[in-house]
Amino acid sequence: MTVSGLGTPEPRPVVPGASSVEQLRKEGNDLFKCGDYEGALSAYTQALDLGATPLDQAILHRNLAACHLKLEDYDKAETEASKAIEKDGGDVKALYRRSQALEKLGRLDQAVLDLQRCVSLEPKNKVFQEALRNIGGQIQEKVRYMSSTDAKVEQMFRILLDPEEKGTEKKQKASQNLVVLAREDAGAEKIFRSNGVQLLQRLLDTGETDLMLAALRTLVGICSEHQSRTVATLSVLGTRRVVSILGVENQAVSLAACHLLQVIFDALKEGIKKGFRGKEGAIIVDPARELKVLISNLLELLTEIGVSGQGRDNALTLLIKMVPRKSPKDPNNSLTLWVIDQGLKKILEVGGSLQDPPGELAVTANSRMSASILLSKLFDDLKCDAERENFHRLCENYIKSWFEGQGLAGKLRAIQTVSCLLQGPCDAGNRALELSGVMESVIALCASEQEEEQLVAVEALIHAAGKAKRASFITANGVSLLKDLYKRSEKDSIRIRALVGLCKLGSAGGTDFSMKQFAEGSTLKLAKQCRKWLCNDQIDAGTRRWAVEGLAYLTFDADVKEEFVEDEAALKALFQLSKSEERSVLFAVASALVNCTNSYDYEEPDPKMVELAKYAKQHVPEQHPKDKPSFVRARVKKLLAAGVVSAMTCMVKTESPVLTNSCRELLSRVFLALVEEVEDRGTVVAQGGGKALLPLALEGTDTGQTKAAQALAKLTITSNPEMTFPGERIYEVVRPLVSLLHLNCSGLQNFEALMALTNLAGISERLRQKILKEKAVPMIEGYMFEEHEMIRRAATECICNLAMSKEVQDLFEAQGNDRLKLLVLYSGEDDELLRRAAAGGLAMLTSMRPSLCSRIPQVTTHWLEILQALLLSPNQELQHRGVVVVLNMVEASREIASTLMESEVLEILSVLAKGEEDPITRAAAACLGKSVEYGLIQPNQDKK
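Computed from a predicted model, the values in this text were never measured in an experiment. (Residues numbered from 1 in each chain as written. Predicted model: local features only at pLDDT ≥ 70, side-chain atom pairs only at ≥ 80, totals over all residues. Heavy atoms only, no water.)

## Thoughts on the overall build of the protein chain
Next up, step 1: Along the backbone of the protein chain there are 54 helices and 0 strands.
Next up, step 2: The buried share among the 944 residues of the protein chain stands at 54%.
Next up, step 3: Long-range contacts, defined here as pairs at least 24 residues apart, represent 69% of the contacts in the protein chain between residues at least 6 apart.
Next up, step 4: Here the protein chain has roughly 43200 Å² of accessible surface; of this, 50% comes from carbon and sulfur atoms. (Helix = DSSP H or I, 4+ residues; strand = E, 2+ residues; numbered from the N terminus. Buried < 20%, exposed > 50% of the residue type's maximum accessible area, 1.4 Å probe, protein only. Contact = heavy atoms within 4.5 Å. Areas by Shrake-Rupley, 256 points an atom, 1.4 Å probe, with all protein chains shown as cover.)

Here's what the structure looks like:
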């Protein structure tokens, strides 16, 4: 019996519908053999829906289990196998498959029972015997591990809770060991069962930083991907207690609590993914209720007095990650609606708080930006006009409550809140600006003698200037005011902000050289002043950030770009600021770099359309002469020399909501521009660019992910992938590359992805399996029919490298497809590189699967002339591939050898065999030798 094979039913009476069930089952079996497990799942499921007999149902359920095992969905594999066993308790295949699933799920005690049953049913089956031995060894190892850790856990807690051991090296080592133990599921389970949560609570209550960190990190291991342990932990510690730790002054403790809460959220949301499911698995909880309790506590924390600014930021970060839907395809946005109703005012309160002078709520330089991002994500998650109108109403009511009847302090609070909205959901910000008296108050407060009042008003004016709806009003009324502030204010903090407002208004024409708002040379003067402030390290980072904001707008001008990249001190200061704790600068830095590298979207205008526009006296955009490719390449090289890659790598690593998907997209664009030239790619790799591109290619906007994936493809094509992406990282590259094969990507992106995948497929079987698992083969095969010869050739080369895998060989060997025919025909094409790829694939496939040799004469009547053309090719690589194919065919079958020897192939081989000693000569001689052995030709003769 073959345990891994799919079910074959015994003969039985014919019943209505049986033929359809039988047909679908056979179709599923064929798909399974070809490696199309998703297709097989569909076929078996359809067969079940047709009202199969109990015996058929058992077979279909165990076949579904086999598919789920291949797809590594072990929970479903266990479920399907159990259904088969319910139908037939003696079904050894179903029992074996369930044992495999249970083993993968870590439930060894249950897996061994199924295997013992298998052995009792088939005592001589070696597969069952070996599996039972292996799982028995695993159980013994786990028992030894668990018994040895009992005493260790007890000893660790005793040391940690001993007041005599305060600050000792022994205590430090015990805390480290506890954290390490909790990372393994068995260790986490042991700590949990040893009254560990209560003991960890005592460590938290000590208030000692080291002990609190050890406790929080251990709790992460206990709760990670385990819903029942998470619920039990929350019931002991209390959700309020865990959330309150976020608010402590110590940043390390606050961050550790933030990580724990994220793990708790994931466990509640996703449920059990791994781990033991013993008695604690029977806990019944309502995850939705637990999630709301957690989120409610986070919202309460936002406005609590005494909470640290860092803690408030961490709470906002968690809400950004937890609340909005991950995908618009998910129809349920009820959590967002609930948060808006329950907590929008609290979020606006943080967004309207002043950092300097300190208000009631402690905030950091990043708090308002985090609040803006959360508000933006909540607004974007709304599905209809009624929901959006409710959001606007709540925002406007909150702003009015501060603006009206609360004096000057209330007006400042209201204007600060409007600024927060303009940086986030700008539709809501624009509507708030239109409230009676708001814009007038902003203009009036710009002339205030109090610096803090001026700062609030000028910042609101700057944010409003960036919104098209208000720009005309501000251009008419605000430019003179901003110029006056810039020239007359004695405070740099006011002058730099006024300058940014002027920069925004001055860049209204974007990259259009003919649409300049200010006089010639004005933007260069503004940029020079921005660079001067940027380089002045005596100014605080929060103020210097505004200089970068100004440059982000002014660098639309090519003259500004040229001067900026020549200023080494300014570039160095920019990169240092991007690595500082002033995270709100990231978007501005990325924007300036996009402008300097011209990596924004730009389409060359159609010359005919330009002429028509001129004739119609319509405006025609003009490109600056210094934005031509030669200038852009020179700027890229200067940025690389200044260390732009290491700065961007640090930006990508940022654990902050400020690194939004839009910011990621900008960084992806810059990286793609940096790797455009082959000679620059080594520098990008050496400075960590390959590592930084991976997260950009896996998370962000669709455009950003595509740009990052294309940059990865360029690196993979021209460098050694094993050096560029060392260790396990190389396997993470596959998915982004496969994403470039989709039809919505450009031909260049398709081509570069195919080239990169070809390189990866030639490295190892594990990489080939990763490519297969990402379902890339059907897409690659589709490009083998592409009209563009370079794409067609790249796809053929990729398939030929993948053909080293058994699964791809099975596809070629399966009946009823034209894969082999296509390779044979491509071996006779005019494109020499395409011929070389196809002939190489044929040589490999006929060597590994001799059965394919007999099918070559059947796929096309031109097969013989194609082989003869390969043998006669002046290109030695083609000639060698051709003679290897012929040798494989001769060795596979006497009948094929006879056909070949009766043709001109015999004469060609005879000539090749007499050449100088090389692989071609040896292969030709081997063909003739085998033909002699068959008795088809005589030794040393050319004829039969």
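From this point, things continue past the structure.
## Some details on the layout of surface pockets
Next up, step 1: Its boundaries defined by the atoms lining it, the second largest pocket holds a volume of some 1300 Å³.
Next up, step 2: Lining the second largest pocket are 40 residues, with Phe-32, Gly-35, Tyr-37, Lys-70 and Glu-807 sitting closest to its centre.
Next up, step 3: Residue assignment for the lining of the second largest pocket shows that the elements contributing at least two residues are helix H1 (18-33), helix H2 (37-49), helix H3 (54-70), helix H5 (92-104), helix H43 (765-773), helix H44 (777-783) and helix H46 (806-813).
Next up, step 4: The element contributing the most residues to the lining of the second largest pocket is H5, with 5 residues.
Next up, step 5: Looking at the lining of the second largest pocket residue by residue, the class counts come to 17 nonpolar, 7 polar and 16 charged. (1 Å grid on protein atoms, 1.4 Å probe; cavity = no way out; pocket = protein on both sides within 12 Å on 5 of 7 lines; lining within 4 Å. Points joined across faces, edges and corners; volume = space filled by probe spheres on them. Nonpolar A, V, L, I, M, F, W, Y, C, P; charged D, E, K, R; others polar.)

## Some words on the nonpolar core
Next up, step 1: One finds Phe-671, Leu-674 and Leu-900 to be the most contacted residues of the largest nonpolar core, which totals 262 residues.
Next up, step 2: The biggest single contributor to this core is helix H14 (residues 251-270), with 10 residues.
Next up, step 3: With residues near it in sequence (within four places) discarded, Phe-671 still touches Val-645, Met-648, Val-652, Val-684, Gly-689, Ala-692, Leu-693, Leu-696 and Ala-711.
Next up, step 4: Ala-84, Val-92, Leu-115 and Cys-118 belong to the second largest nonpolar core, which has 16 residues in total. (Core = buried A, V, L, I, M, F, W, Y, C linked by side-chain atoms within 4.5 Å.)

## So, helix H28 (residues 541-554)
An α-helical turn contains 3.6 residues, so any two residues separated by three or four positions project in the same direction.
Next up, step 1: Taking 1.5 Å per residue as the helical rise, H28 with its 14 residues ought to reach 20 Å, and the 20 Å between its terminal C-alpha atoms agrees with that figure.
Next up, step 2: With 11 of 14 residues buried, H28 lies mostly within the body of the structure.
Next up, step 3: Buried residues of H28: Thr-543, Arg-544, Arg-545, Trp-546, Ala-547, Val-548, Glu-549, Gly-550, Leu-551, Ala-552 and Leu-554, and no others. (Expected span 1.5 Å × (residues − 1).)

## Quick word on the packing of aromatic side chains
Next up, step 1: Overall, the coordinates contain 3 aromatic pairs when judged by the stated rule.
Next up, step 2: For the ring pair Phe-32 and Tyr-37, a centre distance of 5.2 Å and an interplane angle of 65° mean the geometry is edge-to-face. Pair check on accessibility: Phe-32 and Tyr-37 agree, each one buried.
Next up, step 3: Consider the rings of Tyr-96 and Phe-128, whose centres lie 5.4 Å apart with planes at 45°: the pair is tilted. A residue pair is termed long-range when its members are at least 10 positions apart, and Tyr-96 in helix H5 and Phe-128 in helix H7 (residues 126-160) qualify at 32 residues.
Next up, step 4: Given a relative accessible area of 13%, Tyr-96 falls into the buried group.
Next up, step 5: On the accessibility criterion, Phe-128 (0% relative accessible area) is buried.
Next up, step 6: If you follow Arg-766 out to its NZ or CZ, it ends over the ring of Tyr-731, 3.9 Å from the centre. (Phe/Tyr/Trp six-rings, centres within 6.5 Å; stacked < 30°, edge-to-face > 60°. Lys NZ or Arg CZ within 6 Å of the ring centre and 35° of its normal.)

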